[in-house]
Structure formats: C-alpha cells, structure tokens
Amino acid sequence: MPGLRPPPAGPDDCEVIAGSLQDPELFARLYDRHAADIHRYTARRLGEGAADDITAETFLVAFRTRGRYDASQRLARPWLYGIAANLIGRHRRSEVRALKVLARTGEDPVAASWSERSDDRIAVQAPLAGALATLSPGDRHVLLLVAWADLGYQEVADALGIPLGTVRSRLNRARRKVREALRIDPTFTPERQELNPSWTK
C-alpha cells in the first residue's frame, strides 16, 4: 500500500530533526535514511546528473529550514519529497523536453541513465511519456509522487502543501490522461505494463 514504511530504527525523524537543532551532526541520520529514495525519484524524473545536485540541495534546504519543521509529523518523507518537488519544478522545461523526445523517438535521455531498457518497455514508455509531457506541473508532481515515490494521498498533500481533495482531483485528471494515452498504443497489454498499478486505477 502506498505510503507505508517500517518505522526507522532509533529516534524517529521528528526526534532527529529536533535533536539536530542542538547537535547539527545528528541531521546526518536523516540523510542516511532518506537520501537514496530522494535520489532515485529525482533520477527517474531528470537523470542522474541532476539527481546528484537536487538530492544535495534538498537536504541543504531541509537542514537550513529544520527549525520550522512540523513536530506533529513523525516521518520526514513528505517534507523531503516536497522540497525535492519544488527543486524539480525549476527543471520543468528539461523534464518536458526529455519526455517529448521519448514520446517521439523512443529514445529516453533520462531513463537511459538509470535503467536497462528493452523494445517491449519502449512500447509502453513512449505513449506514457507523451501523456506525462502534457500534464500540468501540479498534476505531474501528484501522479509521480504516488507512482514513483510511493507516497500516500495525505503524504502527497503534506509534501506539496495542498488540500487532500486537490490531490485526489489532480490524480484523477492525470490518471485519465495516462489511460487515454495508453489505449492509443496498439501494442500495450497489462502484462507488459511498466507502471505502478495505481497510475491507471
């Protein structure tokens, strides 16, 4: 189920952040827990080169703003993904350009940096990329935070600072466009689907 994670060993994220106000070195625990996930998500969207920079900047912003962290949130994942999403938003043109290249040619300049591809996967990726490129930034953030970051709806709302109802409406709209795009592809079958099933439900 999206958004479910085992609790961290030792102090939870909120306690680590609070403790880091007195002992800044404690913040490294937060990095150790979450940096790999943030990097993986960012790499899927923008490629490895940008992911390195955005992951580092995400934790730099988190460190600088940790004094304003909402202490009622025991897990910091939504907060960190929200920071990363804002930083990714600065690269919107690059992301859309890469998606359009994939939709047109089947050559994925982003995924090539993090995955092995096959012709079967391209049959799904190309129409999907076309659909993602047409989404508004807000809709794309919501869809990919659910599908690639595995956040629950409330976590997405917390990450982006938007109401839960807005998450649901954006996700429904994005899913509808994805479904329409995939139906256009005559080679698509559910068995070959490379997506998180929640994308199109």
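Draft legend 1. Region of the structure containing the nonpolar core. Within the largest apolar cluster, 40 residues are counted, with the highest numbers of intra-cluster contacts made by Tyr41, Leu80, Tyr81, Leu143, Leu145, Leu151 and Val156. For this core, the elements supplying multiple residues, two or more each, are helix H1 (13–20), helix H2 (28–46), helix H3 (48–65), helix H4 (77–89), helix H6 (119–134), helix H7 (137–147), helix H8 (153–160) and helix H9 (164–184). For Leu80, the residues in contact, after removing those within four places along its chain, are Leu30, His34, Ile38, Thr58, Phe59 and Ala62.

Draft legend 2. Region of interest: the packing of H2 against H4. Contact pair H2 / H4: the axes reach a minimum separation of 10 Å and the direction vectors enclose 35 degrees. For the pair H2 and H4, the crossing hand works out as right-handed. Side by side, H2 and H4 meet where Leu30, His34, Asp37, Ile38, Tyr41, Thr42, Arg45 and Leu46 of the first sit next to Arg77, Trp79, Leu80, Tyr81, Ala84 and Ile88 of the second. The residue makeup of the contact of H2 with H4, split by class, is nine nonpolar, two polar and three charged.

Draft legend 3. Examining the environment of Ile38 more closely. Positionally, Ile38 belongs in helix H2. Taking the C-alpha atoms as reference points, Ile38 and Tyr81, separated by 43 residues in sequence, lie 6.8 Å from one another. What Ile38 contacts, discounting residues up to four positions off in sequence, is Thr55, Thr58, Phe59, Leu80, Tyr81 and Ala84.

Draft legend 4. Summary view of the packing of aromatic side chains. Scanning the entire structure with this criterion turns up four aromatic pairs. Geometrically, the ring pair formed by Phe27 and Phe63 is edge-to-face, given 5.3 Å between the ring centres and 75 degrees between the ring planes. Here Phe27 is found in the loop between H1 and H2, whereas its partner Phe63 is found in helix H3, with 36 residues between them in sequence. We classify Phe27 as buried; its relative accessible area is 6%. Judged by centre distance (4.9 Å) and plane angle (65 degrees), the rings of Tyr31 and Phe59 are edge-to-face. Remark: Phe59 occurs in helix H3 and Tyr31 occurs in helix H2; sequence separation between them is 28 residues. Residue Phe59 is classed as buried on the basis of its relative accessible area, which comes to 6%. When the ring centre of Phe63 is taken as origin, the NZ or CZ atom of Arg66, which lies over that ring, is 3.9 Å away.

Rules behind the numbers
Residues numbered from 1 in each chain as written. Predicted model: local features only at pLDDT ≥ 70, side-chain atom pairs only at ≥ 80, totals over all residues. Heavy atoms only, no water. Core = buried A, V, L, I, M, F, W, Y, C linked by side-chain atoms within 4.5 Å. Buried < 20%, exposed > 50% of the residue type's maximum accessible area, 1.4 Å probe, protein only. Helix = DSSP H or I, 4+ residues; strand = E, 2+ residues; numbered from the N terminus. Contact = heavy atoms within 4.5 Å. Axes fitted to C-alpha atoms, helices over the stretch in contact; angles between N-to-C directions. Left-handed = near helix turned anticlockwise from the far one by under 90°. Nonpolar A, V, L, I, M, F, W, Y, C, P; charged D, E, K, R; others polar. Phe/Tyr/Trp six-rings, centres within 6.5 Å; stacked < 30°, edge-to-face > 60°. Lys NZ or Arg CZ within 6 Å of the ring centre and 35° of its normal.

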